[in-house]
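Chain by chain, the residues:
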Amino acid sequence: MADLKVYNTASGVKEAFTPVDEGRVTMYVCGPTVYNYAHIGNARPVVVFDCLYRLLSARYGNVVYARNITDIDDKIIQAAVERNCDIGEVSREFTTAYREDMALLNALPPSIEPMATEHIPEMIALIERLIERGHAYVEAGHALFAVESMPSYGALSHRNLDDMLAGARVKVASYKRHSGDFVLWKPSSPAEPGWESPWGRGRPGWHLECSAMIRAHLGESIDIHAGGRDLIFPHHENERAQSCCAYDDDFVRYWMHNAYVDMDGEKMSKSLGNVRTVRELGGSYPGEVMRFALLTAHYRSPLNFSVEVLNSAQDALDAFYGALRPHTGIDPAELNAVDTAVYGALLDDINTPEAIATLYAAAKTLNKASDTKAIADAKAELLVGGTLLGLLSEDPEAWFQRGVGQEGPTAGEIEALIQERLLARSSRDFDRADEIRQMLEEQGVLLDDGPDGTQWRRRG
RNA sequence: GGCUCGGUGGCAGAGUGGUAAUGCAGCGGAUUGCAAAUCCGUCAACGCCGGUUCGAUUCCGACCCGAGCCUCCA
């Protein structure tokens, strides 16, 4: 069996993937800070690494996939202040929204979804251990990690402390011994949420939770740690520092990072007003269309999101569902995920564009297939391969009729018009037939005349 | 300034030391009452300059252009 290759940020090259324990593969993806809705850029790592999760599950069976929820953070505190409510209210609301949005994108729920606030004791213990070992110190109510205590600090992000000093743009807090030192624990004012600790009432630094939760749920050394490119520094570098210095193990074998999603050629940002949430786009496009759009570029390449990208994703899925539609009566052949062309493509560092290309090939084969076996085989390739990508999970008929009746004609009215048009055609009244077709098209319903009658589908 | 990553046909987007996937768009054809969908065929690309090599889009170097990170933004 061919093996999986993944690009490891730490080494800068594609490496053959070998898990610590083939019977229990572990992966951790940095999840959201729950203070607002997830945008389409937030969705990219979720969708991409969901494909990896599916791939690993097909290959190894038992995969433990953890994705955290950061439910304590200054942004959440700020949101709670603005809304004059408890931080729990903010984090609960957006955690629920996040789960709904990711489900809309066909992302499988992770095996574990640890919450930061439920791991405060583990975080405190981790800090104590770092202090004991001389990697952290307490100053002015803060616990800080001493970056100079770790010779390999910077190895993941390929930078060194001197470079960081040279590039420092931010005023260094006076309590830091080195400008690169980062907060493990910070004091909370009486008005701010906090937990008691040996260093006073306060709250954890952002990097700490992942280190603590990985240790608690996945173990001392995990196979894959993934997230967006922007997390490489400082977040993952600091996580690595915390975990490696607290314990003498490898921590992470493969670091994987996805590139950004731009919007219409520009970085998504609030100031540009071009942030598009999954929730908002979901009002106009099915989840699978958004998902497909996110998979059209390789995960390490920037993806320029736009309505054009979404529309072409829609067209592509229409073509696949269109190939499946005439064959609902024939069951797909037996096919293991690992025997699909999609699987083969994904083995090469999650090459989703290549995987999608194999889907087109399968759809073409299916369109040309005439005998039952060929149809069953092609269907299997399309559906099993599609499942590996988290696509083609819907009933073809439902896919094409989605949203019908909400505005415009109902399915029954459409059927009645099709019958009327059929009569007109049989009496060679093509003017009337074309009139009906034109009228439906104006209402977003397209008619396809085939040898077995007329089918309709919803457009856009 | 430091570090990282890119520049492939009209567009999107893979890939490779030996004549560059796939999709959309275009063009021609089959099919259709006409369409649509589908099928068949077809046009068309590796930023620039050097180097290594029998041979480079692919490796190395310079340059131009673009993106990202540099203390809590996926």
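None of these values were measured; they are calculated from a predicted model. Residue indices follow the written sequence of each chain, beginning from 1 at its first position. Going through the entries in the order they are written, you letter the chains from A and number the ligands from 1. Reporting of local features is limited, given that this is a predicted model, to residues whose pLDDT is at least 70; pairs of side-chain atoms are given and counted only at 80 or more, and all residues count toward the totals for whole chains, interfaces and linings. Where side-chain values are given, they derive from all heavy atoms of the structure, hydrogens and water being excluded.

(A) Looking closely at the overall build of chain A. Within chain A one finds 16 helices and 15 strands. Across the 460 residues that make up chain A, the buried fraction comes to 51%. A contact between two residues is defined here by any heavy atoms of the two lying within 4.5 Å. Taking contacts inside chain A between residues at least 6 apart in sequence as the whole, the part at least 24 apart equals 76%. The protein chains shown are the only cover counted for residues, whose accessible areas, like all others here, come from Shrake-Rupley with a 1.4 Å probe. As presented, chain A carries roughly 20,400 Å² of accessible surface, and 48% of it is formed by carbon and sulfur atoms. A positive count includes Lys and Arg, and a negative count includes Asp and Glu. His and the chain ends are not counted in either. By convention, the point assigned to a charge is CZ for Arg, NZ for Lys, CD for Glu and CG for Asp. In chain A, the 45 positive side-chain charges and the 68 negative ones have mean positions that sit 3 Å from each other. Secondary structure follows DSSP: runs of H or I at least 4 residues long count as helices, runs of E at least 2 residues long count as strands, and numbering of each begins at the N terminus. Working definition: with a 1.4 Å probe on protein chains only, accessible area under 20% of the residue-type maximum means buried, over 50% means exposed, and in between means partly exposed.

(B) Examining the environment of Thr-9 more closely. Inspection of the secondary structure puts Thr-9 in the loop between strand 1 (5-8) and strand 2 (13-16). For Thr-9, a relative accessible area of 10% puts it in the buried group. C-alpha separation for the pair Thr-9 and Glu-192, spaced 183 residues apart in sequence, amounts to 37 Å. Sequence-distant contacts of Thr-9, defined by excluding residues within four places in its chain, comprise Leu-156, His-158, Ile-232, Trp-255, Met-256 and His-257. Among the polar contacts made by the side chain of Thr-9, one reaches the side chain of His-257 at a distance of 2.7 Å. Distance and chemistry together define a polar contact, namely a pair of N or O atoms within 3.5 Å, with one atom able to donate a hydrogen and the other to accept it when in protein, and with adjacent residues in sequence counting only for side-chain atoms on both sides.

(C) Region of the structure containing the nonpolar core. Among the buried residues, those of types Ala, Val, Leu, Ile, Met, Phe, Trp, Tyr and Cys that are joined through side-chain atoms within 4.5 Å form a nonpolar core. One finds Met-27, Phe-49, Leu-52, Leu-56, Phe-305 and Leu-389 to be the most contacted residues of the largest nonpolar core, which totals 130 residues. If you tally residues by element for this core, the top one is helix 1 (residues 40-60), at twelve residues. Both domain 1 (5-258) and domain 2 (263-398) contribute no fewer than three residues apiece to this core. Ile-414, Leu-417, Ile-436 and Trp-456 belong to the second largest nonpolar core, which has eight residues in total. Note that domain bounds follow an automatic or database assignment of domains.

(D) Examining the packing of aromatic side chains more closely. Note on aromatic contacts: the rings of Phe and Tyr and the six-membered ring of Trp form a pair at centre separations within 6.5 Å, being stacked when their planes are under 30 degrees apart, edge-to-face when over 60 apart, and tilted otherwise. Counting across every chain of the model gives eleven aromatic pairs. Relative to Phe-94, the ring of Tyr-37 lies with its centre 5.1 Å away and its plane at 80 degrees, an arrangement referred to as edge-to-face. Of the two residues, Tyr-37 sits in the loop between strand 3 (25-29) and helix 1 while Phe-94 sits in helix 3 (residues 87-104), which places them 57 residues apart along the sequence. Residue class for Phe-94 comes out buried when judged on its relative accessible area of 7%. Members of the aromatic cluster, joined through ring pairs, are Phe-17, Tyr-60 and Tyr-254. The ring of Tyr-60 carries Arg-59 above its face, with NZ or CZ at 4.4 Å from the centroid. The criterion is that NZ of a Lys, or CZ of an Arg, lies within 6 Å of the ring centre and within 35 degrees of the ring normal, and then a charge sits over that ring. The aromatic ring of Trp-399 is capped on one face by Arg-402, whose charged end is 5.3 Å from the ring centroid.

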